[in-house]
Amino acid sequence: MNGWETKREMIFSTVNFDLTKNYLDLIITYTTLMILLSRIEERKAIIGLYNYAHEMTHGASDREYPRLGQMIVDYENPLKKMMEEFVPHSKSLSDALISLQMVYPRRNLSADQWRNAQLLSLISAPSTMLNPAQSDTMPCEYLSLDAMEKWIIFGFILCHGILNSDATALNLWKLALQSSSCLSLFRDEVFHIHKAAEDLFVNIRGYNKRINDIRECKEAAVSHAGSMHRERRKFLRSALKELATVLSDQPGLLGPKALFVFMALSFARDEIIWLLRHADNMPKKSADDFIDKHIAELIFYMEELRAHVRKYGPVMQRYYVQYLSGFDAVVLNELVQNLSVCPEDESIIMSSFVNTMTSLSVKQVEDGEVFDFRGMRLDWFRLQAYTSVSKASLSLADHRELGKMMNTIIFHTKMVDSLVEMLVETSDLSIFCFYSRAFEKMFQQCLELPSQSRYSIAFPLLCTHFMSCTHELCPEERHHIGDRSLSLCNMFLDEMAKQARNLITDICTEQCTLSDQLLPKHCAKTISQAVNKKSKKQTGKKGEPEREKPGVESMRKNRLVVTNLDKLHTALSELCFSINYVPNMVVWEHTFTPREYLTSHLEIRFTKSIVGMTMYNQATQEIAKPSELLTSVRAYMTVLQSIENYVQIDITRVFNNVLLQQTQHLDSHGEPTITSLYTNWYLETLLRQVSNGHIAYFPAMKAFVNLPTENELTFNAEEYSDISEMRALSELLGPYGMKFLSESLMWHISSQVAELKKLVVENVEVLTQMRTSFDKPDQMAALFKRLSSVDSVLKRMTIIGVILSFRSLAQEALRDVLSYHIPFLVSSIEDFKDHIPRETDMKVAMNVYELSSAAGLPCEIDPALVVALSSQKSGHCNNIHCLAKAINQIAAALFTIHKGSIEDRLKEFLALASSSLLKIGQETDKTTTRNRESVYLLLDMIVQESPFLTMDLLESCFPYVLLRNAYHAVYKQSVTSSA
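Sequence order as written defines residue numbering, which begins from 1 separately in each chain. Given that the model is predicted, a residue must reach a pLDDT of at least 70 before its local features are reported, and side-chain atom pairs must reach 80 or more before they are shown or counted; all residues, however, enter totals for whole chains, interfaces and linings. Note: side-chain values were computed over all heavy atoms of the structure, leaving out hydrogens and water.

1. Details of the overall build of the protein chain
Step number 1: A run of H or I in DSSP counts as a helix once it spans at least four residues, and a run of E counts as a strand once it spans at least two, with each numbered from the N terminus. Check the secondary structure of the protein chain and you find 44 helices and six strands.
Step number 2: The C-alpha radius of gyration computed for the protein chain amounts to 46 Å, which surpasses the reference 30 Å derived for 979 residues by more than 25%, pointing to a less compact arrangement than a globule.
Step number 3: Referenced to the eigenvectors of the C-alpha coordinate spread, the extents of the protein chain come out at roughly 145 × 80 × 60 Å.
Step number 4: One finds the centroid of the 102 positive side-chain charges in the protein chain at a distance of 6 Å from the centroid of its 116 negative side-chain charges. Both definitions apply: the radius of gyration is a C-alpha atom measure, and the globule rule equals 2.2 Å times residues to the power 0.38. Positive charge is attributed to Lys and Arg, negative charge to Asp and Glu, and no charge count is given to His or to the chain ends. The location of each charge is read from NZ of Lys, CZ of Arg, CG of Asp or CD of Glu.

Quick look at the structure:
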């Protein structure tokens, strides 16, 4: 008696579930394999090549090759051939299929019937909420509807004779035909059932009625199946949401209501797979039924239920261990004792079941012991085979209570040791791996619909399923599927982060616009209107719309008014819920962190936005005022700070990474930063116009001011260089950025000093003679006339003075900013600088000065200038007042480099300068005495600026009365000029 004949003598029903299911699965696998084989167009060539390779390798053909070739020929039309093959097995196969009459119709109900029955609801009957979910057919409750339809369709095709003689079989067949248009053979390979069945039956005499049934069912499937499944998905969304909400609040209910969880997962999985399969394989009469924009919500609740089962697995284990030992073992023992006939082998197996369950205890769960009931379940499968044979001593069909009880026990054991396997069995959606285009389309639809974006995390989570579709017999595809899961997960998370980033950017733009309305420059019109109104002056055109004041956007007439900002915040909160849903996920041994995707995108966008907000135009040399940029950056940062309310990310880390990069010349991507842009603008635009005579520095105003010229400048220098703007610049660039600005300024000074050195070398002989002849006025006058390029020296020293004056403004602004932010640290540095002994080693002193300079404190010796010059070892309109600063700073730096005494050298300079000026006082030539008083004042300024010279020293070599008269003369001249 062969295996098929053995099966024919068995009794199939829902009582011996495992036997029936495995039998039907075997037939469907065989059928599917033959159909897939017939779809390989080059199958004959492939086996021919195989035989040829075998012959070359072994020297002879494969002895089974003729049989294999014959099989390929015989199964050219596989279903027709199998219909002939299965004639001897029709009885056993039809019995197995008809046993589904109590299961399949109950599973294949409409959404309204589910709703009326309050299916899957835990709160519909509060009094029974703690009662364990029970059923006479426990394993059938979460059985795949897709699998049952395969059994019915293919099974009745193979034993089609029963359709003419059994009404129950015909009803099952027609119900399955009306539910679907195609079945899944393997992954994305589908089988169009109506056409295939009609082609098979059309050649069978007397099957006209069956052909008409098929056509009617096809019409019904095309007309109603889509809407029926759409309503089911709609019901399941609300049912799974309720279930997930209740279980998240009361996870203890996972014990008694575990069956509901796996039923819900199985139902939802079937509907999703049905939609996926039919979306591309259904007549497009009602396309809307096959486009579900809310599919993400259903998948999300499935993932939430899966997460509950994984998280509270020990709770379920504890419950079912007590259930098995305290109830199931007792009931099973009573049933076994009441058996009238129980052969020895069956008795031993039954006793082992009872003993295994009785030995269980909660302590095993608490100790983390690993349970394994696979042996027990295999024994029950063997027992089903023993007791389902027609001549068995103990017939399971006569002891249905025993079968029902054992099926329930098997489910309970799976709740203890096979929760992960149960999740795969009931909710695996790895088939999405083979529907990439549909998968990506569903994701895009989810992001486009604001109400669904909160569920978008379901798509990356689905990528964790993909590896469950691999098989150990085909290891080579493991890497392909793994790579696909990684690439899809990465793409989904990246798109979610981009969408969130775009929303945040839009919000930031709106907030920057609102902040811009509060800038001082916008209040001028309001003040003007108020003044004109007070003086009763009529200005402006009649009917001119009045400018809205800041804050109007917050005034609402009612709660129904929704602004664009409200919509953006709502969309952002929904999407951020999804990004924040899981801290990380593992896909093919790779860990993904959704929040890091958002952080990364925010850093990149923040960097680009800051640089973009400078509005730097290289062609016109226009740039935003530092104060306006600072206002926009602060508004941007305020919005980014609020993101922490939605997502658990460290936004401070984003600020540190981005803003610190902006203090450098280039960012991490090699792009220019605001430090480089502003440094370039101040050097190449503002200070260059100072050198050209279009702008002057006014010490009293501590700002550079435009001078009236023929060609008006495109910017107002004061608006970029006053103390408030320089403080804003210091806030933006920070100490590092201001240091870079200083170094750039020093580089320009060093280039000027290099030119001055050339002039000194050119006049070295004359200068040496003048140094020793400063007490001989006549000789000094003669030597002075021999000097060449005197005007060039004056111009270059003036340029140096201008640069140093600007740097002084920048350093003062930096000191103010740091004193506000870190007052204790700045005061400590200042105290350290002020109390360094003058006899301290110069290297040590330079370190102190460098620290002080970095904090914006003025130093006796400028370390930045020292560094700039050491590398060369290989408010009047003409800015002449800047010479004092230039002479002092350059002298201190050069004498430090050349290890000279700064004080002695400056005293010598003072003696030379005073002697020359006194000589000028005795001259009568108007050309020689031109601007004599201004030059006197310049000498006074040099002494005032210098930390090494004193007024006592000046009075010892230059009468103060001359200075007083010079101040009076210059003031009188300026009054006359202004008049």
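2. Section: the packing of aromatic side chains
Step number 1: Paired rings are identified among Phe, Tyr and Trp, the last through its six-membered ring, by centres lying within 6.5 Å, and are further divided according to the angle between planes into stacked (under 30 degrees), edge-to-face (over 60) and tilted (the rest). All told, the structure shown has 36 aromatic pairs when counted by the stated rule.
Step number 2: Where F300 meets Y455, the ring centres are 5.2 Å apart and the plane angle is 55°; that geometry is what we call tilted. Here Y455 lies in the loop between α23 (436-448) and α24 (458-462) and F300 lies in helix α16 (residues 295-311), a separation of 155 residues in the sequence. Like Y455, F300 is buried.
Step number 3: In this structure an aromatic cluster arises from ring pairing among Y678, W681, Y682, Y697, F704, F715, Y720 and F806.
Step number 4: For the cation-ring pair, K257 lies above F260, with the distance from its terminal atom to the ring centre recorded as 5.4 Å.
Step number 5: Above the ring of F577, the side-chain terminus of R454 is found at 3.9 Å from the ring centroid. The classification of residues rests on relative accessible area computed with a 1.4 Å probe and restricted to protein chains. Under 20% of the type maximum is buried, over 50% is exposed, and intermediate values are partly exposed. For a ring to carry a charge above it, either NZ of a lysine or CZ of an arginine must fall within 6 Å of the ring centroid while also lying within 35 degrees of the normal to the ring plane.

3. As for helix α30 (residues 651-662)
Step number 1: For α30, built from 12 residues, the straight-helix expectation of 16 Å at 1.5 Å per residue is met to within 8% by its first-to-last C-alpha distance of 17 Å.
Step number 2: Of the positions making up α30, those classed as buried are I651, V654, F655, V658 and Q662. Seen along its axis, α30 keeps its buried residues to an arc of 95°; they face one direction.
Step number 3: Any two residues whose heavy atoms approach within 4.5 Å are treated as being in contact. Its buried side turned inward, α30 meets α28 (594-613), α29 (626-642) and α31 (674-691).
Step number 4: Counting of polar contacts relies on pairs of N or O atoms within 3.5 Å, with two restrictions inside protein: one atom must be capable of donating a hydrogen and the other of accepting it, and residues adjacent in sequence are counted only when both atoms are side-chain atoms. At the N-terminal boundary of α30, the capping side chain belongs to D650, with an oxygen 3.2 Å from the backbone nitrogen of T652. A helix's residues, less one, multiplied by 1.5 Å, set its expected span. The arc in question is formed by the directions pointing from the helix axis toward the C-beta atoms.

4. Topic: the confidence of the model for the protein chain
Step number 1: pLDDT measures how confident the predictor is about each residue, on a scale from 0 to 100. Across the protein chain, the average pLDDT comes to 86, with 92% of residues at or above 70.
Step number 2: This model gives residues 1-9 a pLDDT under 50, and the stretch forms 14 contacts once residues within four places in sequence are excluded.

5. What about the packing of helix α12 (residues 167-179) against helix α14 (residues 208-249)?
Between two packed helices, what matters for the description is the angle formed by their axes and the separation of those axes.
Step number 1: Helix axes use the C-alpha atoms of the stretch in contact, all axes being lines fitted to C-alpha atoms, and the angles between their N-to-C directions lie in the range 0 to 180 degrees. At their nearest, the axes of α12 and α14 sit 6 Å apart, and the two run at 50° to each other. By the angle between their directions, the pair α12 and α14 is classed as oblique. Residues L170, W173, K174, L177, Q178 and S179 of α12 lie in contact with α14, whose contacting residues are R210, D213, I214, C217, A220, A221, A225, M228 and H229.
Step number 2: Counted by class, the contact of α12 with α14 contains nine nonpolar, three polar and three charged residues. In this scheme, roughly parallel covers angles under 35 degrees and roughly antiparallel covers those over 145, while 65 to 115 is roughly perpendicular and the rest are oblique. Following the grouping adopted for this structure description, the nonpolar residues are Ala, Val, Leu, Ile, Met, Phe, Trp, Tyr, Cys and Pro, the charged ones are Asp, Glu, Lys and Arg, and the polar ones are all others, Gly among them.

6. Some details on unusual backbone geometry
Step number 1: Despite not being glycine, R187 has its phi angle at roughly 55°, a positive value.
Step number 2: You can see R187 is positioned in the loop between β1 (182-186) and β2 (189-192).
Step number 3: By relative accessible area, which is 18% here, R187 ends up buried.
Step number 4: A positive phi angle is found at S789, which is not glycine, with a value near 60°.
Step number 5: Residue placement: S789 occurs in the loop between α35 (777-786) and α36 (790-821).

7. Some remarks on the packing of helix α25 (residues 476-517) against α29
Step number 1: Look at α25 against α29: their axes get within 9 Å of each other, and the N-to-C directions meet at 135°. By the angle between their axes, α25 is oblique relative to α29. Relative to α29, α25 is oriented so that their crossing is right-handed. Contact residues: I504, T505, I507, C508, Q511, C512 and S515 in α25; T631, S632, A635, Y636, V639 and L640 in α29.
Step number 2: Considered class by class, the residues forming the contact of α25 with α29 number eight nonpolar, five polar and no charged. When the near helix sits turned anticlockwise from the far one by under a right angle, the crossing is termed left-handed; a clockwise turn instead gives a right-handed crossing.

8. Regarding the pattern of salt bridges
Step number 1: We count a salt bridge whenever a side-chain nitrogen from Lys or Arg sits within 4 Å of a carboxyl oxygen from Asp or Glu. Summed over all chains, the structure comprises 39 salt bridges.
Step number 2: Salt-bridge contacts for K195 lead to D199; the nearest nitrogen and oxygen are separated by 3.1 Å. Placement of the pair is K195 and D199 together in helix α13 (residues 193-201), with a separation of four residues, close to one helical turn.
Step number 3: For D199, a relative accessible area of 41% translates into the label partly exposed.
Step number 4: Connected through shared salt-bridge partners, R233, R237, D292 and E297 make up one network.

9. Digging into the pairing of strand β5 (residues 695-698)
Step number 1: Taken together, the four bridges between β5 and strand β6 (residues 703-706) define a ladder with antiparallel strand orientation. The residue of β6 that forms the bridge with A696 is V705.
Step number 2: We treat two strands as partners when DSSP finds at least two bridges between them. Between β5 and β6, which follow one another and run antiparallel, lie four residues, and K702 among them has a positive phi close to 50°.

10. Describing the side chain of D213
Step number 1: Turning to its location among the elements, D213 is positioned in helix α14.
Step number 2: A distance of 2.9 Å separates polar atoms of two side chains, one belonging to D213 and the other to R210.
Step number 3: If we ignore the near neighbours within four places in the chain, the residues touching D213 are L170 and K174.

11. A look at the nonpolar core
What tends to happen in soluble globular proteins is that the nonpolar side chains get buried as a cluster.
Step number 1: Core analysis: the largest hydrophobic core is formed by 230 residues, its most contacted members being L240, F262, F432, L686, L687 and F704.
Step number 2: Among the elements that line this core, the one with the most residues is helix α15 (residues 258-279), at 15 residues.
Step number 3: Excluding anything up to four places from it in sequence, F432 contacts I272, L276, I299, F439, M442, L462 and F466.
Step number 4: The set of buried Ala, Val, Leu, Ile, Met, Phe, Trp, Tyr and Cys residues whose side-chain atoms join them within 4.5 Å is what this entry labels a nonpolar core. Judged by nonpolar contacts, the second largest core, of 51 residues, contains I27, Y75, I98 and I153.

12. Re the domain arrangement of the protein chain
Step number 1: Taken domain by domain, the protein chain holds domain 1 (1-39 + 77-117 + 134-428), domain 2 (491-519 + 560-688), domain 3 (698-900) and domain 4 (911-978).
Step number 2: On a C-alpha basis, the centroid separation for the pair domain 1 and domain 3 is 88 Å. Domain delimitation in this document rests on an assignment produced automatically or drawn from a domain database.

13. Let's talk about the environment of K195
Step number 1: According to the relative accessible area criterion, K195 is exposed, its value standing at 54%.
Step number 2: In this structure the C-alpha to C-alpha distance between K195 and K218, which are 23 residues apart in sequence, comes to 8.9 Å.

14. Notes on the environment of K404
Step number 1: Structurally, K404 is set in helix α21 (residues 400-417).
Step number 2: A relative accessible area of 24% means that K404 is categorised as partly exposed.
Step number 3: For the pair formed by K404 and L120, sequence separation is 284 residues and the distance between their alpha carbons is 22 Å.
Step number 4: For K404, the contacting residues outside a window of four places in its chain are V15 and D136.

15. Quick look at the state of the cysteines
Step number 1: Any pair of cysteine sulfurs within 2.5 Å is marked as a disulfide. Considering all chains together, one arrives at zero disulfides under this definition.
Step number 2: In this structure C159 is not part of a disulfide, and its nearest cysteine sulfur, from C217, lies 17 Å away.
Step number 3: Judged by relative accessible area, C159 falls into the buried class, the value being 3%.
Step number 4: The cysteine C512 is free of any disulfide, with C508 supplying the nearest cysteine sulfur at 6.2 Å.
Step number 5: A relative accessible area of 12% places C512 in the buried class.

16. Some thoughts on the side chain of Q452
Step number 1: Within the secondary structure, Q452 is located in the loop between α23 and α24.
Step number 2: Reaching out from Q452, the side chain makes a polar contact with the side chain of E297 at a distance of 3.3 Å.
Step number 3: Setting aside anything within four residues of it in sequence, one finds Q452 in contact with K293, H294, A296, E297 and C446.

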